[in-house]
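Descriptive structure summary
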Amino acid sequence: MTKENQKASHHDVMPSVANFVSDVCFEGDFKEQPLYLQEIFELLLDTEYGNNLELRQKMLSCLRTSRSLAETLSPFSDEDIQKACTASALKAN
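Quantities reported herein were computed from a predicted structural model and do not represent experimental measurements. (Residues numbered from 1 in each chain as written. Predicted model: local features only at pLDDT ≥ 70, side-chain atom pairs only at ≥ 80, totals over all residues. Heavy atoms only, no water.)

1. What about helix H2 (residues 33–45)?
- Taking 1.5 Å per residue, 13 residues should reach 18 Å; H2 reaches 18 Å between its end C-alpha atoms and fits that length.
- Among all positions of H2, only Pro34, Leu37 and Phe41 are buried. Buried residues of H2, viewed axially, fall in a sector of 60°; they line one side. Facing away from the buried side of H2, by more than 90 degrees, are the exposed residues Leu35, Ile40 and Leu43.
- As for H2, its buried residues are in contact with helix H3 (53–73). (Helix = DSSP H or I, 4+ residues; strand = E, 2+ residues; numbered from the N terminus. Expected span 1.5 Å × (residues − 1). Buried < 20%, exposed > 50% of the residue type's maximum accessible area, 1.4 Å probe, protein only. Arc of directions from axis to C-beta. Contact = heavy atoms within 4.5 Å.)

As structure tokens, then:
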């Protein structure tokens, strides 16, 4: 079985999520990402391509996930998140 087909453990997933959040957080104001996505999706929905139920469902799911992640991280400063991600990355290595 290839590594891609193996079930990931909590210890495999958490460092990856921490690294992702760290990378995303410093590419702009992460806490504003749900608003940015909403603006993009609203513009897209005004096009012919936006008239697709499956696409609309995926956009709503993406917005919910982004809002949930931003809400979960809102009590923490960018510095707190960076420290946690750095510590998690060091543990993974």
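2. Re the pattern of salt bridges
- Going through the model one piece at a time under the given rule, you end up with two salt bridges.
- The residue Glu54 makes a salt bridge to Lys58 at a minimum N-O spacing of 3.3 Å. Placement of the pair is Glu54 and Lys58 together in helix H3, with a separation of four residues, close to one helical turn. For the residue pair Glu54 and Lys58, the accessibility class agrees, reading exposed in each case.
- Its salt-bridge partner being Glu79, residue Lys83 comes within 3.3 Å of it at the nearest N-O pair. Residue Lys83 and its partner Glu79 are both found in helix H4 (residues 78–92); the two are separated by four residues, about one turn of the helix. (Salt bridge = Lys/Arg side-chain N within 4 Å of Asp/Glu carboxyl O.)

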